[in-house]
Amino acid sequence: MARFFIADRGLLIAAAAVAAWVLTGTVFYWAIGNCSEVDRMNADGDVEKHVICPWRLSHAFYYSVQTGMSIGFGLLSESKKASELYSCFHILAGSSFIGGAL
């Protein structure tokens, strides 16, 4: 029974580390005020440019997970140099936390 408790504790610590990583990235990307220009389809079926400025919390969460896991298929792109610098750290930390959690 004690052995099972220790395994659950490790899983809890890993989940907390991943949650903290995602939350930190989300808050940073939201607070820095990135802007993006994305393509959207209008009611007529034409593609038009849409500016998202600043990112909402949902955009920041999406970008935090998408960038941190190095997926790279996102529609959003950073517009601030500080954000680009933070992304380098966020990707390295994400690889470590996700790899450690697995």
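The following paragraphs examine the structure supplied in this document. (Residues numbered from 1 in each chain as written. Predicted model: local features only at pLDDT ≥ 70, side-chain atom pairs only at ≥ 80, totals over all residues. Heavy atoms only, no water.)

A few points about the overall build of the chain
Piece 1. Secondary structure summary: the chain contains 3 helices and 2 strands in total.
Piece 2. In the chain, the share of contacts with a sequence separation of at least 24, taken over all contacts with a separation of at least 6, comes to 56%.
Piece 3. Here the chain displays about 7,100 Å² of accessible surface, and carbon together with sulfur accounts for 68% of that area. (Helix = DSSP H or I, 4+ residues; strand = E, 2+ residues; numbered from the N terminus. Contact = heavy atoms within 4.5 Å. Areas by Shrake-Rupley, 256 points an atom, 1.4 Å probe, with all protein chains shown as cover.)

What about the pattern of salt bridges?
Piece 1. Inspection of every chain in the model, using the stated rule, returns 2 salt bridges.
Piece 2. We note a salt bridge from Asp39 to Lys49, for which the minimum N-O separation is 2.8 Å. Of the two residues, Asp39 sits in strand E1 (residues 36-41) while Lys49 sits in strand E2 (residues 47-52), which places them 10 residues apart along the sequence.
Piece 3. For Asp39, a relative accessible area of 49% corresponds to the partly exposed category.
Piece 4. Residue classification places Lys49 among the exposed positions, given a relative accessible area of 56%.
Piece 5. The closest approach of N and O atoms between Glu84 and Lys81, which form a salt bridge, is 3.6 Å. Placement of both Glu84 and Lys81 in helix H3 (residues 81-101) is noted, with a separation of 3 residues, approximately one turn of the helix. (Salt bridge = Lys/Arg side-chain N within 4 Å of Asp/Glu carboxyl O. Buried < 20%, exposed > 50% of the residue type's maximum accessible area, 1.4 Å probe, protein only.)

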